[in-house]
Amino acid sequence: MKSVYVGSDHAGYGLKEFMKPYIAGLGYEVVDSGCFSEGSCDYPNFAHNVCKNVRNNAENLGILICGTGIGMSMAANRFKGIRAALCANEYQARMSKAHNNANVLCLGSRVIGQDLALSIIQVWLESEFEGGRHQRRVDLIESL
Ligand code: RB5
């Protein structure tokens, strides 16, 4: 079973809790990497918790949520081997896998509604990397 590591700050906590059973229902092991309450906290810590597990195992995926998704995506993309995509619609979610082989999905809980978030998550989890010329470009992200 593939694992999805999920993390949020206080702004994303509600959406994280909302999405966990949905992701499990799609057949994934859900590993909650915090936060664990709505108390104010710092998103880079949870980006780190998720990204260290995703970059150590190519089978793992991550989903990070903060208010805008921006802070989480900035923090996640600092980790070597992480390709984090901030998505606000299903097209971005599909293409972030197909062309960019994103291994972390970032969502803004104050930007999109909960039902749209679930739809984005499902599309992202079910989309596949196309490889080919896109592999060359993804490799360049790491090597340049
Ligand atoms: C928290 O207020 C907010 O700044 C945070 O969730 C996130 O949006 C940062 O990028």
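To start, this report covers the structure provided alongside it. (Residues numbered from 1 in each chain as written. Predicted model: local features only at pLDDT ≥ 70, side-chain atom pairs only at ≥ 80, totals over all residues. Heavy atoms only, no water.)

Topic: the sheet that holds strand β1 (residues 3–8)
Phase 1: Taken together, five strands build an open sheet; the order of strands is β2-β1-β3-β5-β4 and the sheet is parallel. Every interior strand has two partners, whereas the edge strands, β2 (29–32) and β4 (84–86), have only one. Pairwise comparison of adjacent strand axes, ignoring direction, gives a mean angle of 25 degrees for this sheet.
Phase 2: With five bridges joining them, strand β3 (residues 61–66) and strand β5 (residues 104–108) adopt parallel strand pairing. Across the sheet, residue Ile 65 finds its bridge partner in β5, namely Leu 107.
Phase 3: This element, helix α5 (residues 114–126), spans β1, β3 and β5 of the sheet and lies at about 170 degrees to β5. (Pairing = 2+ DSSP bridges. Helix = DSSP H or I, 4+ residues; strand = E, 2+ residues; numbered from the N terminus. Axes fitted to C-alpha atoms, helices over the stretch in contact; angles between N-to-C directions. Contact = heavy atoms within 4.5 Å.)

Quick word on the site of the ligand
Phase 1: Near the ligand, the surroundings consist of Asp 9, His 10, Ala 11, Tyr 43, Cys 66, Gly 67, Thr 68, Gly 71 and Arg 110.
Phase 2: At 2.6 Å from an oxygen atom of the ligand is found a side-chain nitrogen or oxygen belonging to Asp 9.
Phase 3: In this structure, Gly 67 approaches the ligand through a main-chain N or O atom, which is 2.8 Å from an oxygen atom.
Phase 4: For the ligand, whose unbound accessible area comes to 290 Å², protein coverage reaches 71%.
Phase 5: For the shell around the ligand, the per-class residue count stands at three nonpolar, four polar and two charged. (Near = heavy atom within 4 Å. Polar contact = N/O pair within 3.5 Å; in protein donor to acceptor, adjacent residues only side chain to side chain. Areas by Shrake-Rupley, 256 points an atom, 1.4 Å probe, with all protein chains shown as cover. Nonpolar A, V, L, I, M, F, W, Y, C, P; charged D, E, K, R; others polar.)

What about the side chain of Ser 96?
Phase 1: Secondary-structure assignment places Ser 96 in helix α4 (residues 90–98).
Phase 2: Relative accessible area serves as the criterion here: at 3%, Ser 96 is assigned to the buried category.
Phase 3: Ser 96 has contacts with Ala 85, Cys 87, Asn 101, Ala 102 and Trp 124, leaving out every residue within four places of it along the chain. (Buried < 20%, exposed > 50% of the residue type's maximum accessible area, 1.4 Å probe, protein only.)

Overview of helix α1 (residues 13–25)
Phase 1: Helix length check: α1 (13 residues) gives 19 Å between terminal C-alpha atoms against 18 Å at 1.5 Å per residue, within 8%.
Phase 2: Considering bend angle alone, the principal kink of α1 is centred on Met 19 and spans about 30 degrees; proline Pro 21 follows within four residues of it.
Phase 3: Tucked into the core, α1 has its buried residues touching β1, β2, β3, β5 and α5.
Phase 4: The positive-phi residue at the C-terminal boundary of α1 is Gly 27, with phi of around 100 degrees. (Expected span 1.5 Å × (residues − 1). Bend = angle between axes of the 7 residues up to and from the residue.)

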